[in-house]
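Here's the letter readout for the chains.
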Amino acid sequence: MRVRVWGARGSIATPGADTARYGGNTSCVELRAADGSVVILDAGTGIRPLGVRLRDEGHGPLHILLTHLHVDHLEGLGIFAPIWSPETELHLWGPSSPVSSLEDRITRYFSPPLFPVHLSEVPSNVTLHDAPEGSWEIGDLMVTSAPILHAGPTVGYRIQEGDRSMAYVTDHEPALGADLATAADEWISGHALAFGVDLLIHDTQYTDEEYPEHIGWGHSSASHVATFAERAKVDRLWLFHHDPTHTDADIDRMARRVRTRWGVDQDRCVAAAEGLEIEV
């Protein structure tokens, strides 16, 4: 499977000279399987250029896997070109809630006055699914979702194709109420999703110095991510969900800190940038 980053920023899009290298678009990652299946992880502003490419290339059924419904992970849905084509079969997956349906929660954003068109009025064939706490198949891909620690209903995803695997665990604070260095594996949020994967994409929003003022906000520090990656025995790590106040130089420093703390080189750990692509 081939994985490409279209947006790696968190909280709000941040275009500008200081963020040009890693990019300012919010969360969106594309995964293409060998059988042609297309899975899109989150629908931040990065989904806009991806949608243009899919429109121009042509595509089969599309699956968007939403980790949660904070606006930075949903705001690109209305400008995703395939959603405006009657030929598109689009499946939206997201976390379940005991309070309201996935459709009701998405349409709180995708409807007036926040968006000029109601989700029910788009011409594409849209089907909404609660992501199960377990596994299901999309083409030749095996997808697994499970709840992770973040504000509101939030899930992480593990995707397997044959003997290759990746995990997408953004907006995640596994250190909340736990010592990642000593806690049992089963008590670490997201551990089972990430364990042994070839590629882990993980929230790294805060520096170690920033984290104490943001405990409980649902995001991780550089040192926490290094410890999580080591405990989960992952092969490669992409640092993700960059804070909107962090410049490219800030992200460079954070990536160096994670590599030093984990004891790996750039072959195994980099900060995610728009256009970063790998064959897993």
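Our structure is the block above this text.
Residues numbered from 1 in each chain as written. Predicted model: local features only at pLDDT ≥ 70, side-chain atom pairs only at ≥ 80, totals over all residues. Heavy atoms only, no water.

We now examine the environment of G218. Tracing the backbone through its elements, the reader meets G218 in the loop between β11 (199-203) and α4 (222-232). Residues G218 and L176, 42 residues apart in the sequence, show an inter-C-alpha distance of 8.2 Å. Those residues within four positions of G218 in sequence are excluded, and the remaining contacts are L149, H150, D171, H172, E173 and D203. (Helix = DSSP H or I, 4+ residues; strand = E, 2+ residues; numbered from the N terminus. Contact = heavy atoms within 4.5 Å.)

Here the focus is the sheet that holds β11. Sheet architecture is open: 7 strands sit in the order β7-β8-β9-β10-β11-β12-β13, paired in mixed fashion. Two strands close off the open sheet at either side, each with one partner strand: β7 (134-138) and β13 (269-271). The sheet shows a mean angle of 20 degrees between the axes of neighbouring strands, taken without regard to direction. Pairing analysis gives 5 bridges linking β11 to strand β12 (residues 236-240), with the strands arranged parallel. (Pairing = 2+ DSSP bridges. Axes fitted to C-alpha atoms, helices over the stretch in contact; angles between N-to-C directions.)

On the surface, a nonpolar cluster with roughly 240 Å² of combined accessible area is contributed by L149, L176 and I215. Following the sequence through the fold, I215 ends up in the loop between β11 and α4. For I215, a relative accessible area of 52% translates into the label exposed. (Patch = residues over 30% accessible without salt bridge, like charges linked within 9 Å, V, L, I, M, F, W, Y side chains within 5 Å. Areas by Shrake-Rupley, 256 points an atom, 1.4 Å probe, with all protein chains shown as cover. Salt bridge = Lys/Arg side-chain N within 4 Å of Asp/Glu carboxyl O. Buried < 20%, exposed > 50% of the residue type's maximum accessible area, 1.4 Å probe, protein only.)

We now examine helix α1 (residues 47-57). Listed in full, the buried residues belonging to α1 are I47, L50, G51 and L54. Along the axis of α1, the buried residues cluster in a sector spanning 100 degrees; they form a single face. The secondary structure elements touched by the buried residues of α1 are β1 (2-7), β2 (28-32), β3 (38-41) and β4 (62-65). G58 sits one or two positions beyond α1 and adopts a positive phi of about 90 degrees. (Arc of directions from axis to C-beta.)

Right, let's get into the packing of aromatic side chains. As enumerated under the stated definition, the model contains 4 aromatic pairs in all. Centroid distance W93 to W136: 4.6 Å. Interplanar angle 25 degrees. Geometry classified as stacked. Here the residue W93 occupies a position in strand β5 (residues 89-94), and W136 occupies one in strand β7, the gap between them amounting to 43 residues. Summarising the aromatic geometry, the rings of F110 and F115 are spaced 4.7 Å apart at their centres and angled 55 degrees between planes, so their arrangement reads as tilted. When sorted by exposure, F110 lands in the same class as F115, which is buried. Here R4 stacks its cationic end above the ring of W6, 4.4 Å away from the centre of that ring. (Phe/Tyr/Trp six-rings, centres within 6.5 Å; stacked < 30°, edge-to-face > 60°. Lys NZ or Arg CZ within 6 Å of the ring centre and 35° of its normal.)

To continue, consider the sheet that holds strand β6 (residues 125-130). Strand order in the open sheet formed by 7 strands is β6-β5-β4-β3-β2-β1-β14, and the pairing between neighbours is mixed. In the strand order of this sheet, the two ends are held by β6 and β14 (277-279), each with one partner. Averaged over all adjacent pairs, the angle separating strand axes in this sheet is 20 degrees, with direction ignored. Inspection of the sheet shows β1 paired to β2 by 5 bridges, in the antiparallel sense.

Take unusual backbone geometry next. Cis geometry marks the peptide bond from P112 to P113, where omega comes out at 5 degrees. Tracing the chain through its elements places P113 in the loop between α2 (102-107) and β6. Backbone geometry at K233 places phi at a positive 55 degrees, although glycine is not the residue there. Residue position: K233 is located in the loop between α4 and β12. Residue class for K233 comes out exposed when judged on its relative accessible area of 58%.

Once that is clear, we can look at the pattern of salt bridges. Taken as a whole and judged by the stated rule, the model has 15 salt bridges. Here R2 ties to E279 by a salt bridge, and the two come within 2.8 Å at their closest N and O atoms. Taken as a pair, R2 in strand β1 and E279 in strand β14 lie far apart in primary sequence, 277 residues in all. Taking relative accessible area as the criterion, R2 reaches 34% and is therefore assigned partly exposed. For R164, the salt bridge identified is with D198, shortest N-O distance 3.4 Å. Of this pair, R164 sits in strand β10 (residues 164-169) while D198 sits in the loop between α3 (191-194) and β11, and the two are 34 residues apart along the sequence. The exposure class of R164 is partly exposed, given its relative accessible area of 35%.

It is worth stressing that arrangement in space is one thing and function is another; only the former is reported here.
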